[in-house]
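Here's the letter readout for the chains.
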Amino acid sequence: LGVVNNLGALREISLEERGILNTTTFEVYNEVMTKVDDTSTSPQRRALSPVVHQWDRDKTLFHHRRDKVFHQLEQEWNTKKRTRKHNKK
């Protein structure tokens, strides 16, 4: 599975401000850290986050999901429901 971004603690700084949200594709990234020495690490590269837990904590991501994705899924669900109902007759 890999890294899971848990957004439950985010309250002050948005994903966009942190530089880990692509506001065009709405993908969330991880900073992959590299150990420099025994006491420090350094960001090496960004990787697409496979899981974003509690994504609804970020306003931009929440509104995108609610306004775009949820609406699309709801329409698809209603179409399938109508089709099943029609096929039963």
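Residues numbered from 1 in each chain as written. Predicted model: local features only at pLDDT ≥ 70, side-chain atom pairs only at ≥ 80, totals over all residues. Heavy atoms only, no water.

1. Quick notes on the side chain of Asp 58
Turning to step 1, where the next piece is worked out: Inspection of the secondary structure assignment puts Asp 58 in the loop between strand S5 (51–53) and helix H2 (59–88).
Turning to step 2, where the next piece is worked out: A polar side-chain atom of Asp 58 sits 3.0 Å from the main-chain amide nitrogen of Leu 61. (Helix = DSSP H or I, 4+ residues; strand = E, 2+ residues; numbered from the N terminus. Polar contact = N/O pair within 3.5 Å; in protein donor to acceptor, adjacent residues only side chain to side chain.)

2. Considerations on the environment of Leu 48
Turning to step 1, where the next piece is worked out: Relative to the assigned elements, Leu 48 resides in strand S4 (residues 41–48).
Turning to step 2, where the next piece is worked out: Classification of Leu 48 by relative accessible area gives partly exposed; the value is 48%.
Turning to step 3, where the next piece is worked out: The sequence separation of Leu 48 and Tyr 29 amounts to 19 residues, and the corresponding C-alpha distance is 4.4 Å.
Turning to step 4, where the next piece is worked out: Beyond its immediate stretch of four places on either side in the chain, Leu 48 contacts Glu 27, Val 28, Tyr 29 and Asn 30. (Buried < 20%, exposed > 50% of the residue type's maximum accessible area, 1.4 Å probe, protein only. Contact = heavy atoms within 4.5 Å.)

3. Structural notes on the pattern of salt bridges
Where charged atoms from two side chains of opposite charge approach closely, those side chains can pair.
Turning to step 1, where the next piece is worked out: Within this structure, the stated rule accounts for one salt bridge.
Turning to step 2, where the next piece is worked out: One salt bridge connects Arg 66 with Asp 67, and the closest N-O pair in it is separated by 2.8 Å.
Turning to step 3, where the next piece is worked out: Look at Arg 66 and you get partly exposed, because its relative accessible area is 42%. (Salt bridge = Lys/Arg side-chain N within 4 Å of Asp/Glu carboxyl O.)

4. What to know about the nonpolar core
Among soluble globular proteins, nonpolar side chains are generally buried collectively.
Turning to step 1, where the next piece is worked out: Among the nonpolar cores identified, the biggest contains five residues, and these are Leu 15, Ile 20, Leu 21, Val 28 and Leu 61.
Turning to step 2, where the next piece is worked out: Once residues within four sequence positions are removed from consideration, Leu 21 is found in contact with Leu 15, Glu 16, Phe 26, Glu 27, Val 28, Asp 58, Thr 60 and Leu 61. (Core = buried A, V, L, I, M, F, W, Y, C linked by side-chain atoms within 4.5 Å.)

5. A short note on the confidence of the model for the protein
Detailed reading of the predicted coordinates is not advisable wherever pLDDT falls low.
Turning to step 1, where the next piece is worked out: Looking at the protein, the pLDDT average stands at 76 and 70% of residues meet or exceed 70.
Turning to step 2, where the next piece is worked out: Between the elements of the protein, mean pLDDT differs from a low of 61, seen in strand S1 (residues 4–6), to a high of 86, seen in strand S2 (residues 21–22). (pLDDT = per-residue confidence, 0-100.)

6. With respect to the packing of aromatic side chains
Turning to step 1, where the next piece is worked out: Summed over the entire model, instances satisfying the criterion amount to zero aromatic pairs.
Turning to step 2, where the next piece is worked out: One Lys or Arg, Arg 84, reaches over the ring of Trp 77 and ends 5.2 Å from the middle of that ring. (Phe/Tyr/Trp six-rings, centres within 6.5 Å; stacked < 30°, edge-to-face > 60°. Lys NZ or Arg CZ within 6 Å of the ring centre and 35° of its normal.)

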